[in-house]
Amino acid sequence: MKFLLILTTCLTSLFFVCVNQVFASDTTSPISTLTLDPPSSTGQNGWYNQSVDLLINSSDSDSGVAKISYILDSKSTVEKLVEASVNLIDNPSFEEHHNYIPFYWDRPTYSSDIYVSPNYSVDGVYSLRFKSNIWPVNYMTNASYMVTAGSFETYFFSAWLKTKIIGFGTNYEIMAKVNGQNQLIYRSPSYYNQSNFTYLNKTFTTPSGTQGLFVNLYSLGWGDSYFDSLYLGKITSESSISFNVSEEGVHNINYFAQDQAGNIEQTNNSSFKIDIAPPSTWQNFDYTQSGNDHTLILSIDVTDVTSGIDLISGQFQYYIEGIGWGVYTDLKSCSSPFLLDQWRNPTVSYITLPTKAHIVTPAINFCNSNWIQDKKIRFKAKDIAGNEAISPEFSINSPWIYATNFDVASNHSIQFNSTALVDGYVHSSGDIVGVNSMPNIQIKNYNSSVNTSAQYYISENTLITLPENKLPETDGKYKFVGNMTLDIKTINNYDNKTICTLVAIDGSLTISKDLILKDSSSCLIMLVTGNLNVSNSVENISGFFIIDGVFDTGSSNKALIINGGVVADKTVLSRSLKGKANLDNPSETFNYSLNLLFNASGLVSTIENSTYWYEL
Amino acid sequence: MKLLTPKNNEGAILIISIIIGVIALAAGLTAANFVTRSTRNITDQESSIKALAISESGVEKVLGASTINTYTTKCLLTTTTRDNESAIPNLGAPFVSSGAIPLTLAGVKSSLPDCFFQEKLSTEVDAPYVQSYYLEVSSKGGKDTYIMDSLEKDTVLEISTKDMTGNITVSWNGSTSTNYASILVTEIYKDGLDYKVKKYAYNPSSKSNSEQGSNALPGVTSLNGAIVSTSAILLSTGTEIIRIKPLYFDAKDVVITASSGTFPSNGQGFDIYSTGCTCANVLDPESRKNSSVRKVKVIKTREHLPAIFDFVLYSGSETVPLTK
């Protein structure tokens, strides 16, 4: 029974890794080759700058390939089984017989000593015994019950043999009926002394014109031979495996195959590297005066996290209003010829070898001190793989924002023309361009699930109806339906009281007067389902605003300081300072009021966000 | 072959009738057995749901109390945790109330202490008690560790660190072996009259780092199987609170450990355990027989502003970038 179980397992898996049996017919391992498409690197320095198709092709001339395995980098092993069909031979274990003459098999009349025997068996009760006393040739064939087959199909044949014979031994033939004629496909070696049942196998491909397959079993000497558990199956899958790798980085692949006899190929190894994305994360744009007030040295950092930055690839050009993008022949002289659309090389050095580099231009004369005119610069850089990127345009006198004490985030990308200064982390669902952050941590391509909806927080809180269209006079949570304008009347002396409230506006809000809270114990949280517009004259606002619509700071040349925070579906930050002031001062400052975390903890927190239920 | 005729087929009809009758009877008995078992299952399910509702009503009573603190005295949890215990509190001898137990609300007997409740179906004096629950409450403060079973990504846990000194360490488990949460830790401390902020970020696995761009979150100092730990975070002089937020994935088994002293108790929150039973006395093993018992644990953390308040500027649109 144990023997039967072992055999059944072997046949089911088709791997035939039976350690207590002898594999006399196949002792060589399969051979695997790896092909990459494209066959060689498409970028520079051995890097691919596109995804790569990999094909592992395995072959085994004897028993055939049973399994192909590969390990990419440190990931788990991927395996492909080379499957064969069900057994196509009728009465393969000779269990069906009449008076010990097996069904579906024929013998010549002189081979009368071939019969079904219960003496030994691999599976079932019987095997086929050659009690060969008559030399030279005794054979059994199933030619009359051949398996229907077609041209160029791959099959796997196996059988178990136990023999003790002298003379020319015992063997088998795989035959094909080709265009009506019998044709030998394979003849096994002769076996003489296999005291245990021995597993024999062969993988083969049928020739053109094949109509059927059959097997001849031979005994060519004197002695006993037993055949049992024959198998013939069509291999239904390719002995190759293909896959695509698009992940950037240096990849290492180990691969090997195993044949049907259990021989395992020695592991092959290969490596390749992919960098598809060009340099990105242009940040820390800065400039210093060098000579007159419009001659500047400009700098920026650029990153390529995969192959790194190619130091000699850096370039820059700048924009002179009325002329266009290019460079002056003499960067310090606006009377020298202007080379339209041309680029110059800056100095590039590594900050972090080789992924992050610092680009510094020579001193550039921007020709005049008219800061109303647009003065811009842009950069080029390649990564070591040869991918080139052009930076966004960085305006030298463009307005910029300053955000401090907490984080800045966008559920899309962040793209500031003039570098924003953020004292906190920066989160974005896309790229982040034009931000200097302290600490220098930017969380890109991250889809946050933080709820930004004012309507949500309104629905989560029990609110008192605000009786009048003005800010409340006592602590609490309020709701007003309609549009509200905060002016000298509707502010309602809120800025002269120690008061902490949540005010929900089911409508839009306009702030037309400065609003500064009285002290550190005061707070104002406003939930606005519409838009929040800040009038041009307003310069200071206190409060934390969650807005379902647009937050618009208004078009003004006055700086706006928000002591609190702003969460809005969209932001329009339109302020720009006069003359040269944008060089040194932010047009909008978002200064988080940390008092809020203590003064307002009970205002918005709900039982849901501080209570965690578990069943034990 | 023998043919059946009207005369000789009467016996066959009788036999067939008996066979049909036996089959019908067997089918009927099977159906009846099925209905009985189904009814019993439904009854068991209803009883179990009822036990859960009873235990939850106990928690609601604590959460709804104006002074939860009193429960930590009356219903003090006598062990570190009951997370790994069976549904029944292991209290030794069954609870025996001393003296008269007053009837309070309709049919509700409130024991002293208030952590054990029995309820009648009706207000009749002699009506039997039919359900009960037992509460245990423990402050999250006063210990050198603060434990959260789990913390969802992009939500904030706030812990008071007021008057603490030394370091804290945060450790947590990933959702799976490859999907580790990153952690942001924000400390608010007082410098003179002003509040100030310090921020820390920890990324336990390069696998969760692939989308973070060049300025990746710094790694943790130890990576021991699934459990990862931050480096020691030195609490600032004047420390007030820390806010902990997982990114990328939920953080499991979050443990915040103080190097010296304990986390303050005031306003820190509670662990509430409530065991409900569809029996007269959940603490009496005899009463619990043939009844359903369910147990819930609720962590009530310090009241705090939700995670949206960790941003000074947030553009929520998924179609328009944040620009200037």
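### Here we look at the overall build of chain B
Assigned secondary structure in chain B consists of 3 helices and 17 strands. Long-range contacts, defined as pairs at least 24 residues apart, comprise 74% of the intrachain contacts of chain B with a sequence gap of at least 6.

### With respect to the interface of chain B and chain A
Taken together, the contact pairs 51 residues of chain B with 71 residues of chain A. Counting residues per element, the side of chain B that touches chain A draws most heavily on strand E15 (residues 293–301) of chain B, which supplies 8 residues. Here strand E32 (residues 414–423) of chain A pairs with strand E17 (residues 322–323) of chain B via 2 bridges, running parallel. Across the sheet, the residue bridging to Gln415 of chain A is Thr323 of chain B, located in E17 of chain B.

### Details of unusual backbone geometry
Residues and elements named next belong to chain A. With an omega dihedral of 5°, the bond running from Asp37 to Pro38 counts as a cis peptide bond. In this structure, the amide linkage connecting Leu353 to the following residue, Pro354, adopts the cis form with an omega of -5°. Relative to the assigned elements, Pro354 resides in the loop between strand E24 (347–352) and strand E25 (356–360). The residue Asn45 is not glycine, and still its phi comes out positive at about 55°. Structurally, Asn45 is set in the loop between strand E1 (31–37) and strand E2 (47–48). With 14 C-beta atoms packed within 10 Å, Asn45 lands in the partly exposed category.

### A look at the confidence of the model for chain B
All names here are of chain B. Summing up the model confidence of chain B, the mean pLDDT is 75 and the portion of residues at 70 or higher is 68%. Element-level mean pLDDT values for chain B span from 44 in strand E9 (residues 222–224) up to 97 in strand E16 (residues 311–315). Across residues 90–113, confidence stays below pLDDT 50; counting only partners more than four residues off in sequence or on other chains, it has 27 contacts. Listed scores for the predicted complex are pTM 0.64 and ipTM 0.74.

### Regarding the confidence of the model for chain A
When pLDDT is averaged across chain A, the result is 89; 94% of the residues are at 70 or more. Per-residue pLDDT stays below 50 along residues 1–24 of chain A; that stretch engages in 34 contacts with residues further than four places along the chain or on separate chains.

Basis of the calculations
- Residues numbered from 1 in each chain as written.
- Chains lettered and ligands numbered in written order.
- Predicted model: local features only at pLDDT ≥ 70, side-chain atom pairs only at ≥ 80, totals over all residues.
- Helix = DSSP H or I, 4+ residues; strand = E, 2+ residues; numbered from the N terminus.
- Contact = placed C-beta atoms within 7 Å.
- Pairing = 2+ DSSP bridges.
- Buried ≥ 20, exposed ≤ 12 C-beta atoms within 10 Å, placed from the backbone.
- pLDDT = per-residue confidence, 0-100.

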